[in-house]
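Residue strings, one per chain:
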Amino acid sequence: MSTSFQCPHCPRNFSTRNAYSQHVNRCINTVYLSTEESNIVSSVNEMSLDDEDFSRINEFQIIREENSQVFYQYESDQDYAGDISFGEISHSSNIPEEYENFDEILPASLQSNEEPISHSSNIPEEYENFDEILPASLQSNEEPISHSSNIPEEYENFDEILPAKFPNEAYANLMALVIENNLNNKAGNAIIKFFNKHSDLSQLSPLPKNIETGRKFMDKMNISQLSYSKYCVLTHNSQDYFVHYRPIKNCIKNLLSNPDILKNLMFRYENSKIEDEKSYGEQNSGNWWKRTERSISNHANILSIILYSDATTTDTLGKSSLHPIYVSLGNIPIWRRNKEDAKQLLGYLPILSAKNETEKKSSEFKELARENFHNSIKFLLDPLFQGDGVDFNIDGKDIWFFPRISTIICNWPEAYTFSLTYKSPNSNYPCHFCLVQREDLIDIRKDQVILRNHVNMKEYFDSNTSKLAGLEQVNNYFWSIPNLNIYAATVPDRMHHLDLGLFKYQIEFTMELLKKKKSLNKVNERIADIPRHSQLKVFKKGIQLSRLTASEYRDMMKIMVFVVDDLQIEDLSEVYVKWNEMYLLSRSEKFKESDLENFQKAIDDWADLFIKLFQNISNSHLKFPKLHSWICHIVDTIREYGAINGYTTETYESLHKTYVKIPYRLSNKKEVEKQIMENVNKKQ
């Protein structure tokens, strides 16, 4: 005879005692909660909001939703909703009476940012103190104030207008302080509270009611230079890819509105000479500027556009990336252009995602990625090349400019993307400057080099023989830009070419050579024994290449010539002497023609020793495109565009911190580009 166990709380039956026991434990809790909820809800209609029993609903919600979800919501284009909004917040307080005024007993650094309301409020009485029942981590950033805000009447309904400026200077300075220092709403509200409390105002407060109001006001400001948008350039695998951008003309207007930049602006070609020799320093002393100026009207000026593009990771794990692109002007002197405010964030290029590894490695996907890149660039730059030049207002006068792209500053892989040459260093034609074959990279003489240009590359493209020139069979947008040779304009970058490139190789090959001679430990001991100095990084653990930055490689340049001395390896110390001579010359601010000849000789002398010492150690026998381009193309680049200091990424890499990494950390990781653009616009 089978035994059956029936639940006393529901009609279910169970054949085993174990199943019955587990069910009853669950069922009794369900019945208890559902009964209590039913009793509470059934009496809601009989209560008023002032009824004492109404708080029971909130108490019940606390029981059921003790860990209520917090929804992070970043401000949108139209309506800023604050940093955090809360779901289902209870309004009854569990704080003992003696702690209700705890702000009075706390030190200032720990006091709450809540401000008692001294004026009438539109908030219902039962909601006025709802922050008191929340833990500190969930308290609202909304800040009631004790003073009325002294904002002109025409700004109070800012949803209905587009104000052009802040209501007063104090308001503007406060928002500048908050934005520039990345302060959150709570910190900003504390500043407002402090100001209103201690300013002894004889009139209404000039500050906004709270920082949320200030941010919302900034979103509504009618400043066209601060506008940003997004444009869909591609739909792939049912996903839209957008370029998030600020109009390039607005970026240029921002640069030209800076008084410190304006007073140093250069407009015309300068035939600079030192001791009766032609010299090259600023970009307007180079041959490119001279040729370009001759091609336009005598009454117009060159507006030299410099682009910098580099994809970078947004977090330490490298799980996500952004691809920012920046713009600056060659009309700005090098010393001034190397400051951060002389560069403008133009936008973020879309990064294409493959659905799997097979698609990622396919030639079709790679071609689509290149087309996506060039279509995005075309969309961003086309407004500059529509019509007969562009007028920009400078010091109240309209000045006629012809915008021209002069240089593109980027690392080596990015240069391949701009020029649409094969990225692999193992391709038959790995140099984006010329048509040298890989086997001849370090053997070819400079006078034998055939340079790439739009004419000969387009001939390969039109005849569908691009592979014969190491060229992608994709139409290059830059072929249509006047006065631009994209293959020369993607200039060698000293930091990636030398600091993180050739010098890194030199250190690696030196270590391999020392291992063979069993002298590596001796070198590490010498490095560790170097005494501390304020201008020198100490490498107490010896050489650890995987952790070195460009700055640390530059520190190693100062010591390696002594560290490898007297190790019974012929020319090893000398190759570091030759390196330092060449490197110091590369940092010159101006080059006379005789200086360029000396510089080329210094490059050749170092390269000869480098090849002699390390060719047999290198797996590729030093078939490095960077080595070839440094030997054969850097001096001609100086003649075209001026001193190397004007187109190195050293001063651009720091922009990633300002425009990618810090704003990314401040975002909620959703629609990241949109949030960063909002943050950047406010900083402008």
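Right above here is the structure, for reference.
Residues numbered from 1 in each chain as written. Predicted model: local features only at pLDDT ≥ 70, side-chain atom pairs only at ≥ 80, totals over all residues. Heavy atoms only, no water.

## As for the overall build of the protein chain
Heads up, the rule is: Only DSSP runs of H or I covering at least 4 residues are called helices, and only runs of E covering at least 2 are called strands; the numbering of each starts at the N terminus. Relative accessibility thresholds used throughout: buried, under 20% of the residue-type maximum; exposed, over 50%; partly exposed, between the two (1.4 Å probe, protein chains only). Should any heavy atoms of two residues lie within 4.5 Å, those residues are counted as being in contact. Working definition of accessibility: Shrake-Rupley area with a 1.4 Å probe, residue cover restricted to the visible protein chains.
Scanning the protein chain from terminus to terminus reveals 23 helices and 15 strands. Of all 684 residues assigned to the protein chain, the portion counted as buried reaches 48%. By sequence separation, contacts in the protein chain at least 24 residues apart represent 66% of the contacts at least 6 residues apart. By element, 47% of the accessible surface of the protein chain is carried by carbon and sulfur atoms, the whole surface being about 35,800 Å².

## Considerations on helix H7 (residues 248–256)
In terms of residue burial, H7 counts as a mostly covered element, since 7 of its 9 residues are buried. Residues Ile248, Asn250, Cys251, Ile252, Asn254, Leu255 and Leu256 constitute the buried set of H7. Its buried side turned inward, H7 meets helix H8 (259–262), strand S9 (301–309), strand S11 (321–329), strand S12 (344–349), helix H12 (363–381) and strand S13 (390–394).

## A short note on the side chain of serine 376
Along the chain, serine 376 falls in helix H12. Classification of serine 376 by relative accessible area gives buried; the value is 0%.

## What about the nonpolar core?
This is how it is decided: For our purposes a nonpolar core is just a set of buried Ala, Val, Leu, Ile, Met, Phe, Trp, Tyr and Cys residues, chained together by side-chain atoms within 4.5 Å. These domain boundaries are the output of an automatic or database domain assignment.
Core analysis: the largest hydrophobic core is formed by 140 residues, its most contacted members being Phe478 and Phe599. The element best represented in this core is helix H20 (residues 593–614), accounting for 11 residues. Here this core spans two domains, and each of domain 2 (229–410 + 649–672) and domain 3 (497–641) adds at least three residues to it. Setting aside residues up to four positions removed in sequence, phenylalanine 599 forms contacts with Met582, Leu585, Ser586, Phe591, Trp630, Ile634, Val635, Ile638 and Ile644. Ranked by size, the runner-up nonpolar core spans 11 residues in total, among them Phe166, Met175, Val178 and Ile211.

## Some thoughts on the pattern of salt bridges
Note the threshold: In the sections that follow, a salt bridge refers to a side-chain nitrogen of Lys or Arg positioned within 4 Å of a carboxyl oxygen of Asp or Glu.
All told, the structure shown has 23 salt bridges when counted by the stated rule. Notably, a salt bridge pairs arginine 268 with glutamate 293, separated by 3.8 Å at the nearest N-O pair. Taken together, the residues arginine 268 in the loop between H8 and strand S7 (273–274) and glutamate 293 in helix H9 (residues 287–294) connect sequence positions 25 residues apart. For arginine 268, a relative accessible area of 35% corresponds to the partly exposed category. Residues joined by salt bridges that share partners form a network here, namely Asp260, Lys263, Arg336 and Asp341.

## Examining H20
Put simply, the rule reads: Every helix has an expected span of 1.5 Å times one less than the residues it contains.
Helix length check: H20 (22 residues) gives 31 Å between terminal C-alpha atoms against 32 Å at 1.5 Å per residue, within 8%. Considering only its buried residues, H20 is in contact with strand S8 (277–280), helix H16 (494–516), helix H19 (572–586), strand S15 (591–592) and helix H21 (625–641).

## Considerations on the environment of leucine 622
Along the polypeptide, leucine 622 turns up in the loop between H20 and H21. The spatial distance from the C-alpha of leucine 622 to the C-alpha of leucine 441 is 8.6 Å, given a sequence separation of 181 residues. With sequence-adjacent residues up to four places away left out, leucine 622 is seen in contact with Ile442, Phe509, Phe610, Ile611, Phe614, Gln615 and Leu627.

## Observations concerning the sheet that holds S7
This is how it is decided: Following DSSP output, two strands are said to pair if at least two bridges run between them.
Taken together, 3 strands build an open sheet; the order of strands is S7-S8-S15 and the sheet is antiparallel. With one partner strand each, in any of the chains shown, S7 and S15 form the two edges of the open sheet. Bridging between S7 and S8 involves 2 bridges; their strand directions are antiparallel. Looking at S8, one finds that lysine 273 is bridged to lysine 278.

Shape is all these values report; function is a separate question.
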